[in-house]
Amino acid sequence: MMVDQVVIPALKILIVLNAVLVGVTFMVLLERKVIAWTQARLGPMRVGPYGVLQPIADVVKLMTKEDITPVKADRWVFSVAPLIALIPALIVFAVIPFGPEVSLFGRQVALYITDLNVGLLYVVSVASIGVYGIILAGWASNSKFPLLASLRASAQLISYEVAVTMTLVSMIVSAGTLSMVGIVNAQESQQVWYLFVQPLAFFIFFVGGLAETNRAPFDMPEAEQELTGGFHTEYSGMRFALFFLAEYANMIVVSAVATTLFLGGWLRPFPNVAALSFLDLVPAWCWFLAKTFVFLYIFLWVRATLPRYRYDQLMRLGWKVLIPLAIANVVVSGLVKVLL
Amino acid sequence: MADVITFYTLAALILIFGLLVVTTRNTVHSVLFLVADFLAVAMLYASMNSLFVAAIQVLVYAGGIVVLYLFVVMLVNLKRPPEEVRDPARQTGLGGVLAGVVLAELALIAVANALDPPATDAASSTAGLTEQVGLALYTDYLIPFEVASVLLLVAMVGAIVLARREL
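Residues numbered from 1 in each chain as written. Chains lettered and ligands numbered in written order. Predicted model: local features only at pLDDT ≥ 70, side-chain atom pairs only at ≥ 80, totals over all residues. Heavy atoms only, no water.

Draft legend 1. Quick peek at the pairing of strand E2 (residues 107-110) of chain A. All names here are of chain A. In terms of strand pairing, strand E1 (residues 101-104) meets E2 through four bridges, oriented antiparallel. Bridge pairing links Glu101 to Ala110 in E2. Linking E1 back to E2 in an antiparallel pair, the connection comprises two residues, with Phe105 at a positive phi of about 50°. (Pairing = 2+ DSSP bridges. Helix = DSSP H or I, 4+ residues; strand = E, 2+ residues; numbered from the N terminus.)

Draft legend 2. Layout of the nonpolar core. Judged by nonpolar contacts, the single largest core of 119 residues is most densely connected at Ile96(A), Phe205(A) and Leu261(A). Among the elements that take part in this core, helix H11 (residues 237-262) of chain A stands out by supplying 15 residues, more than any other. Discounting residues that sit within four places of it in the chain, Leu261(A) has contacts with Leu120(A), Leu168(A), Met171(A), Ile183(A), Gln187(A), Tyr194(A) and Phe205(A). By size, the runner-up hydrophobic cluster in this structure holds five residues, among which are Leu10(B), Ile14(B), Val41(B) and Leu44(B). (Core = buried A, V, L, I, M, F, W, Y, C linked by side-chain atoms within 4.5 Å. Buried < 20%, exposed > 50% of the residue type's maximum accessible area, 1.4 Å probe, protein only. Contact = heavy atoms within 4.5 Å.)

Draft legend 3. Local environment of the interface of chain A and chain B. Facing the 25 residues of chain A at the interface are 25 residues of chain B. Here chain A packs against chain B, burying approximately 2,100 Å² in sum over the two surfaces, 81% of which is carbon and sulfur. Of all residues in chain A, Leu121(A), Tyr132(A) and Trp139(A) give up the largest surface area on contact with chain B, accounting jointly for 29% of the area buried on that side. The tally of links between chain A and chain B comes to zero salt bridges. Where chain A packs against chain B, one counts three residue pairs in polar contact (both at pLDDT 80 or more). The element best represented in the side of chain A that touches chain B is helix H6 (residues 144-175) of chain A, accounting for six residues. Counted by class, the side of chain A that touches chain B contains 17 nonpolar, six polar and two charged residues. (Buried area = accessible area lost by both parts, 1.4 Å probe. Salt bridge = Lys/Arg side-chain N within 4 Å of Asp/Glu carboxyl O. Polar contact = N/O pair within 3.5 Å; in protein donor to acceptor, adjacent residues only side chain to side chain. Nonpolar A, V, L, I, M, F, W, Y, C, P; charged D, E, K, R; others polar.)

Draft legend 4. Layout of the environment of Ser150(A). Turning to its location among the elements, Ser150(A) is positioned in helix H6. By relative accessible area, Ser150(A) is classed as buried at 0%. Put simply, Ser150(A) and Pro221(A) are 71 residues apart on the chain and 6.6 Å apart in space, counted from C-alpha to C-alpha. Once residues within four sequence positions are removed from consideration, Ser150(A) is found in contact with Ile134(A), Ile135(A), Gly138(A), Trp139(A), Phe231(A) and Met74(B). Here Leu147(A) takes part through its backbone oxygen, which lies 3.1 Å from a polar atom of the side chain of Ser150(A).

Draft legend 5. Highlighting H6(A). With 32 residues, H6(A) ought to run about 46 Å at 1.5 Å a step, and its terminal C-alpha atoms sit 46 Å apart, in line with that. One or two steps after H6(A), the chain reaches Gly176(A), where phi turns positive at roughly 75°. (Expected span 1.5 Å × (residues − 1).)

Draft legend 6. Molecular detail of the domain arrangement of chain B. According to the domain assignment, chain B consists of domain 1 (1-77) and domain 2 (129-167). Computed over C-alpha atoms, the centres of domain 1 of chain B and domain 2 of chain B are 23 Å apart. (Domains from an automatic or database assignment.)

Draft legend 7. Fine view of the environment of Leu300(A). Residues and elements named next belong to chain A. When you line up the elements, Leu300 lands in helix H12 (residues 284-305). When its relative accessible area of 0% is taken as the criterion, Leu300 is described as buried. For the pair Leu300 and Ala216, spaced 84 residues apart in sequence, the C-alpha separation works out to 8.7 Å. Excluding residues that lie within four positions of it along the chain, Leu300 makes contacts with Met27, Leu30, Glu31, Val34, Arg215 and Met251.

Take a look at the structure:
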């Protein structure tokens, strides 16, 4: 009783939080490495073999740097903003299904923290709180460029949130459930990844995901040439690190949600081909992590390859292309569901 | 017992945040307290097993509408409290009467509930599920739902007309 209700959930939360935070630090290294390789450089090489200990050095550096609050800043909001950005990015992981129920030491353990029956809505609504961190950081700094950057960032987030939420509606139509575990189970019973059922929704979700995490080619809020550093220009030390953490944690969230919705979550590739059943020898959570990693790699790849959009192009793409396409996709999915 | 403690804690939080919204001098802080207030309301819904309504409360109010409030408040400066203004069109008397009517209505509901407690049927534990909300919305409450949609459409058309003088 006690073990099932308190100890195991607490352990799961501990493991997931630590895995995410460690994953984030190594994502930073991977990003520098991938971009370096794309540009025929070596990337970090000094700390440890091939620079693998670079993240540890970075963390120590960030934690020991001076934490500066500008004199004219709104102190209270200035110090709360990084937390408002980070906390939603972390608590989303409560509903991410890393794997099915497995028996571990003679006990049935589900490889997810909880399975809400409105899991997908939970993800969207918690993610919608994260935008406050960015707006407030820009405003509380009481400085021109951060304010401009935070206005850009929040306008971008709000615009793309509409398109992404609309694609999620069409996914709900396909799966018939809002539960994240239920969506993976639906893909298992329909024997197909939803990537092949809803390719348009996948495309919109991925583009929207890039825009919502402020990643290239939609990284206007951090356009150094125009805005010095972005909404976090006035932040230093650990508070800056929290924004950094939030951005990379959000990338992991988008990748994990995309994996769950479109790539069959923890299912092995081609769940419909019986001849490939030897692939089941690999534990389910490994498939989940591998697929999530593919998405994270694509994030870096896109950043290294594509130039930045202009701001009006970004808004036009969001409002005049993605949102109408997403709404049309909902209507078509509904019609297909009703007629077939 | 745990239910009662949760309810009164959340109710107290909601009231405190609500008071802070109207008493804080700094408008941005006031909007932030409004967000906190909405989150507390969402928690109240969640504690009553209405997870769908709770998620929508966060998504629409805390994450959507208040962000737009914040935009306006941030852009329309700001830290200086507004000068004392006497609005000539201010209807203090009418406002007082309306507040009195709402208060009387609430008191009436509270008294009626105390005299004749509403039946808590077994189905109420599943009342917050998404299917139930959807079914209720598209069958029993179809007309209010459509009226609300038309109202929103009118607001949208109005906003477009205001924003673009020449169409």
